[in-house]
Amino acid sequence: MRNSLTGWTIAHFAVDMSCLYILYRGVWTLYMGVSWTGYMEREALAFLLYNILAFGLQAPIGALADRFPKIRKVIGIEGVDLMLIPLILIWIWQTEIIAWAAMIIASLLNACFHVGGGIDVIRNSGGKITPQGIFVSSGALGVVTGTVLGMSGGGALLPIMIDLVAIIMVYLTTDNWAKDIVARSKGLRGGDMIETPAKNYVHFRLTREGTGAMVCVVCLFLAVLIRSYGGFIWPLGFEKTGYLILLVPCMSCLGKALGGVFADHFGALETAVISLMLSAVLLYTGSGSWMVMGLSIMLFNMAMPITLAGLVSAMPEDPGFAFGLSTLALLVGYLLVFVIDIGRIDLKILTLILILSAAVLIGAALKGREKDSKRRRPNG
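Residues numbered from 1 in each chain as written. Predicted model: local features only at pLDDT ≥ 70, side-chain atom pairs only at ≥ 80, totals over all residues. Heavy atoms only, no water.

Caption draft 1: Representation of the overall build of the protein chain. When helices and strands are tallied, the protein chain shows 15 helices and zero strands. Per-residue burial for the protein chain yields a buried fraction of 56% across its 380 residues. Within the protein chain, contacts between residues at least 6 apart in sequence are counted, and of these 85% link residues at least 24 apart. Of the roughly 16400 Å² of accessible surface on the protein chain, 70% is carried by carbon and sulfur atoms. (Helix = DSSP H or I, 4+ residues; strand = E, 2+ residues; numbered from the N terminus. Buried < 20%, exposed > 50% of the residue type's maximum accessible area, 1.4 Å probe, protein only. Contact = heavy atoms within 4.5 Å. Areas by Shrake-Rupley, 256 points an atom, 1.4 Å probe, with all protein chains shown as cover.)

Structure below.
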């Protein structure tokens, strides 16, 4: 699994980097500095459309991938290699139509890649959360890299080269499209948290375990939604200038990777709840220190791979749909930023409440999954 995980992790960085480069080098560059309201609205629409397509479509694409193995085996790799098309388009033709077309194509490929790569990592994780944490961690670095490259106005040669490296790595390290490798879970500490059956079905077998699995899914979905919203309104207390612009993505990346490692060694429930509680404490006592706030952001993100593993555990026969639900929750949290007018509310207090709420929801969901696993485990 190690080599396969390396390829998908590098590809995740490359895909997110490419998408953000296309978004900023294309649409953002077109409307940058233009004061006409219509142009500003188009720029905002482009960012909104990108997020809806890239994150909102992963759930239905994941459902299809769970139902049709042939789709599952190709969408991940195609999401990487076909990304060369919008990159080349945005490099050669600097027009409004091409910029929008490239952005839409890239967002669709982004959704396909995440589902395909995510399913492969989940199915080959051997019941561990660490691979999932490592896979999702590189996306944050890709986002900031693509943003910087796109805003700089440089050509697409470097993004194309990075994408080519990712394509080569995926082809060399995975055989997802050739073999149907099924990973059997050994479970997390306290229960079998991830189970990957040999068959996939078009419907979701939540009723197999009664309302417990449904409650788990709802709690984890709300927890991811809350974490997404809290992450967007996070009160840093300092200006992101110079190298500090890298603080949030780097600590987010580190937190997601460490979250899986700690969960496998100390338990998913303990890692998720304790990391969020410590994050809340540091947020409240940080006083604008970038080092303390950076550590708080890292702890805040440690729960991310654990919530993903919990969703997969509740829907073991539909890992693609489970992965898509987690990104759908991220999208809803992003949209709430534009819907909820926080006005004069103290952002630090609001974020503190959100973190504690997420900890309670994740704790309740994972505790319920552990009890279900113990009941299913045969005696002797």
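Caption draft 2: Spotlight on the nonpolar core. In this structure, I22, M83, F135, W234, L276 and I362 are the most contacted members of the largest nonpolar core, which totals 102 residues. Broken down by element, the residue count for this core peaks at 15 residues, all from helix 1 (residues 2-31). When residues no more than four places from it in sequence are discounted, the contact partners of M83 are V15, S18, C19, I22, E78, A106, L109, N110 and D163. Core analysis: the second largest hydrophobic core is formed by six residues, A65, I75, A111 and I119 among them. (Core = buried A, V, L, I, M, F, W, Y, C linked by side-chain atoms within 4.5 Å.)

Caption draft 3: Molecular detail of the layout of surface pockets. Its volume calculated, the largest pocket comes out at about 1600 Å³. Lining of the largest pocket is provided by 44 residues; of these, A140, V143, F232, V248 and S252 occupy positions nearest its centre. For the lining of the largest pocket, the element with the most residues is helix 7 (residues 130-152), which contributes eight residues. Looking at the lining of the largest pocket residue by residue, the class counts come to 27 nonpolar, 13 polar and four charged. (1 Å grid on protein atoms, 1.4 Å probe; cavity = no way out; pocket = protein on both sides within 12 Å on 5 of 7 lines; lining within 4 Å. Points joined across faces, edges and corners; volume = space filled by probe spheres on them. Nonpolar A, V, L, I, M, F, W, Y, C, P; charged D, E, K, R; others polar.)

Caption draft 4: Structural context of the pattern of salt bridges. What the rule picks out here adds up to one salt bridge. Between E96 and R42 there is a salt bridge, and its shortest N-O distance comes to 2.9 Å. Here E96 is found in helix 6 (residues 96-123), whereas its partner R42 is found in helix 2 (residues 37-56), with 54 residues between them in sequence. On the accessibility criterion, E96 (32% relative accessible area) is partly exposed. (Salt bridge = Lys/Arg side-chain N within 4 Å of Asp/Glu carboxyl O.)

Caption draft 5: Highlighting the environment of V136. As for its position among the elements, V136 is in helix 7. Take V136: its relative accessible area is 6%, and that puts it in the buried class. Note: C-alpha distance between V136 and G117 (19 residues apart in sequence) is 9.9 Å. The residues touching V136, leaving out its near neighbours within four places in the chain, are H12, K256, M304 and L308.

Caption draft 6: The environment of A11, seen in detail. Inspection of the secondary structure assignment puts A11 in helix 1. For A11, a relative accessible area of 0% puts it in the buried group. Along the primary structure A11 and V80 are separated by 69 residues, whereas in three dimensions their C-alpha atoms are 6.6 Å apart.

Caption draft 7: Examining helix 11 (residues 268-285) more closely. Compared with the 26 Å implied by 1.5 Å per residue over 18 residues, the 26 Å span of helix 11 between its first and last C-alpha is a close match. Of all the positions in helix 11, only A268, L269, T271, A272, S275, L276, S279, A280, L282 and L283 are classed as buried. (Expected span 1.5 Å × (residues − 1).)

Caption draft 8: Focus on the side chain of S137. Mapped onto the fold, S137 is located in helix 7. Among the polar contacts made by the side chain of S137, one reaches the main-chain carbonyl oxygen of I134 at a distance of 2.6 Å. Excluding its chain neighbours within four sequence positions, the residues that come into contact with S137 are C253, K256 and A257. (Polar contact = N/O pair within 3.5 Å; in protein donor to acceptor, adjacent residues only side chain to side chain.)

Caption draft 9: Just the state of the cysteines, in detail. With the rule as written, the count across this model stands at zero disulfides. Considering cysteine sulfurs only, C253 is the nearest to C250, which forms no disulfide, with 7.1 Å between them. You can call C250 partly exposed: its relative accessible area is 35%. (Disulfide = S-S within 2.5 Å.)

Caption draft 10: Representation of a nonpolar patch on the surface within the structure. The grouping of I88, W91, I92, W93, L157, M161 and L164 at the surface amounts to a nonpolar patch, some 670 Å² of accessible area in total. Those elements giving two or more residues to the nonpolar patch turn out to be helix 5 (84-92) and helix 8 (157-173). (Patch = residues over 30% accessible without salt bridge, like charges linked within 9 Å, V, L, I, M, F, W, Y side chains within 5 Å.)

Caption draft 11: Region of interest: the packing of helix 3 (residues 58-67) against helix 4 (residues 69-81). In the contact formed by helix 3 and helix 4, the axes pass within 5 Å of each other and the chain directions differ by 125°. Between helix 3 and helix 4, the angle is such that the two are oblique. In this structure, helix 3 uses I61, L64, A65 and R67 to contact helix 4, whose residues at the interface are P69, I71, R72 and I75. (Axes fitted to C-alpha atoms, helices over the stretch in contact; angles between N-to-C directions. Parallel < 35°, antiparallel > 145°, perpendicular 65-115°, else oblique.)

Caption draft 12: Region of interest: the packing of aromatic side chains. Using the criterion set out here, one finds nine aromatic pairs in the structure. Ring centres 5.8 Å apart and planes at 50° place the aromatic pair W8 and F113 in the tilted group. Here W8 is found in helix 1, whereas its partner F113 is found in helix 6, with 105 residues between them in sequence. Consider the rings of F232 and Y334, whose centres lie 5.4 Å apart with planes at 55°: the pair is tilted. With F232 in helix 9 (residues 211-232) and Y334 in helix 14 (residues 319-339), this pair connects stretches of sequence that are 102 residues apart. (Phe/Tyr/Trp six-rings, centres within 6.5 Å; stacked < 30°, edge-to-face > 60°.)

Caption draft 13: Fine view of the environment of M17. Tracing the backbone shows M17 in helix 1. Each C-alpha atom, one on M17 and one on G150, is 9.3 Å from the other, the two residues being 133 residues apart in sequence. Residue contacts for M17: discarding those within four places in its chain leaves G142, T145, G146, L149, P159 and I162.

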